[in-house]
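So you can see what is in the structure, the chains are spelled out below.
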Amino acid sequence: MRGHRGPGAAVRLSRPTPRSARTRALLALPAIAAAALAGATLLTSCQADDRSPARAQVAAGPATGPVEQLGVRVLDVLPHDPKAYTQGLEMAGRTLYEGTGMAGESSIRRGTPGRLPTVRVDLPAPLFGEGVTVLGPTLWQLTWRDRIAIERDATTLAELRRLPYPAEGWGVCHQPGHGRLVTSDGSARLTFRDPRTLAPTGELLVTLRGRPVPRLNELECVGDRVYANVWPSDRIVRVDTGTGAVTAQIDASGLLSPEEQRPAEVLNGIAAIPGTDEFLLTGKWWPKMFRVTFVAR
């Protein structure tokens, strides 16, 4: 029987149909974008220009390599706010940070996984919140098309400053070992940024067996790897940020039952649990959050 299974089970189920304003707008992209998502071609906005140093780095990466095919094993099921349009998810120590979207409904939250947040700050309309990442005492919260990023106090979530962000904000995570942020904009490229100024310092084309992987969304940095949701799906790719090559594909479908999926949208939230090989996964308007490990299919 296809449907939700309890802790300890590997699950698979077709994904729900996306319905948000952003989903409807982006699903109206030309057919070439859908072909690129399947790995058949490259989006025009993602075409390489080999003249820049960052793109030269992309060209130097290997076109092929072993790609693990993974699924998820559910270890625990936690409650999640079904009104949270999750855009960013990150653990810092034992604290969970969650950024949510939709104009007039966006927020940033802090608390314990599975419990009501202890601190919440709402974004004023028309700001549309996106990815979040924590840098010790502060954090960054991106916005989608509002052309700003907000730096906040990581404890109180109070706004400290705003910086121009001349790109679409999608996902963001922090690679402290490299002293940089990694950001996505819905294309097949990841952009490296200075964690203080947000100035671009390089970029990387993400490829699967030599073909670009567009629509990279919410990000989670784990060492030299980045885990990225591929919007609008329940698929996660693990990316080597030294080469841009995808080293694993993770099928995270089937976490919600068909009844739970109907009012919900797609998976969008990956948070590594520090000191473990476990992750928290959730999605837009999901009533549940899942503690999982990634296992061979």
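Coordinates for the structure precede this section.
Bear in mind the structure is a predicted one, so any value in this text is a computation, not a measurement.

1. Some details on the overall build of the chain
Check the secondary structure of the chain and you find 4 helices and 22 strands. Across the 297 residues in the chain, those meeting the buried criterion constitute 57%. Across the chain, every contact between residues at least 6 apart in sequence was considered, and the portion connecting residues at least 24 apart equals 56%.

2. Side note on the sheet that holds strand β4 (residues 107–111)
Within the open sheet, the 4 strands sit side by side as β2-β3-β4-β5. Their pairing is antiparallel. Because the sheet does not close on itself, it has two edges, and the strands there are β2 (86–92) and β5 (119–122). Recorded for the sheet is a direction-independent mean angle of 10 degrees between the axes of neighbouring strands. Bridge count for β4 against β5 is 4 bridges, and the pairing is antiparallel. Across the sheet, the residue bridging to Arg-110 is Val-119, located in β5.

3. Considerations on unusual backbone geometry
In this model, Ala-125 is joined to Pro-126 through a cis peptide bond whose omega is 10 degrees. Relative to the helices and strands, Pro-126 is located in the loop between β5 and β6 (129–135). Pro-232 follows Trp-231 through a cis peptide bond whose omega is -5 degrees. Phi at Met-102 takes a positive value of approximately 85 degrees, unusual for a residue other than glycine. Along the chain, the position of Met-102 falls in the loop between β3 (95–100) and β4. Looking at Met-102, the relative accessible area reads 15%, which means it is buried.

4. Notes on the pairing of strand β8 (residues 148–153)
Burial analysis of β8 places 5 of its 6 residues in the buried class, the great majority of the element. Relative to β8, strand β7 (residues 138–143) runs antiparallel, the two sharing 5 bridges. If you follow Trp-140 over to β8, its bridge partner there is Glu-151. Where β7 folds back on β8, the antiparallel hairpin that results is connected by 4 residues, among which Arg-147 adopts a positive phi of roughly 65 degrees. Taken together, the 5 bridges between β8 and strand β9 (residues 159–164) define a ladder with antiparallel strand orientation. By the bridge assignment, Glu-151 is partnered in β9 with Arg-161.

5. Some points on the environment of Glu-218
With respect to the helices and strands, the residue Glu-218 is situated in strand β16 (residues 216–222). Placed 18 residues apart in sequence, Glu-218 and Ile-236 show a C-alpha to C-alpha distance of 9.5 Å. For Glu-218, the contacting residues outside a window of four places in its chain are Gln-87, Gly-88, Leu-89, Gly-171, Tyr-227, Ala-228, Asn-229, Asn-268, Gly-269 and Ile-270. A polar contact of 3.1 Å, which involves the side chain of Glu-218, links it to the backbone nitrogen of Leu-89.

6. So, the pairing of strand β18 (residues 235–240)
The side chains of a regular strand alternate between both faces of the sheet. For β18, the tally of buried residues reaches 5 of 6 residues, placing the bulk of the element in the interior. Two successive antiparallel strands, strand β17 (residues 225–230) and β18, enclose a turn made up of 4 residues. Bridge count between β18 and strand β19 (residues 246–251): 5 bridges; the pairing is antiparallel. When the bridges of β19 are listed, Arg-238 appears paired with Ala-248.

Quick notes on the rules
Residues numbered from 1 in each chain as written. Predicted model: local features only at pLDDT ≥ 70, side-chain atom pairs only at ≥ 80, totals over all residues. Heavy atoms only, no water. Helix = DSSP H or I, 4+ residues; strand = E, 2+ residues; numbered from the N terminus. Buried < 20%, exposed > 50% of the residue type's maximum accessible area, 1.4 Å probe, protein only. Contact = heavy atoms within 4.5 Å. Pairing = 2+ DSSP bridges. Axes fitted to C-alpha atoms, helices over the stretch in contact; angles between N-to-C directions. Polar contact = N/O pair within 3.5 Å; in protein donor to acceptor, adjacent residues only side chain to side chain.

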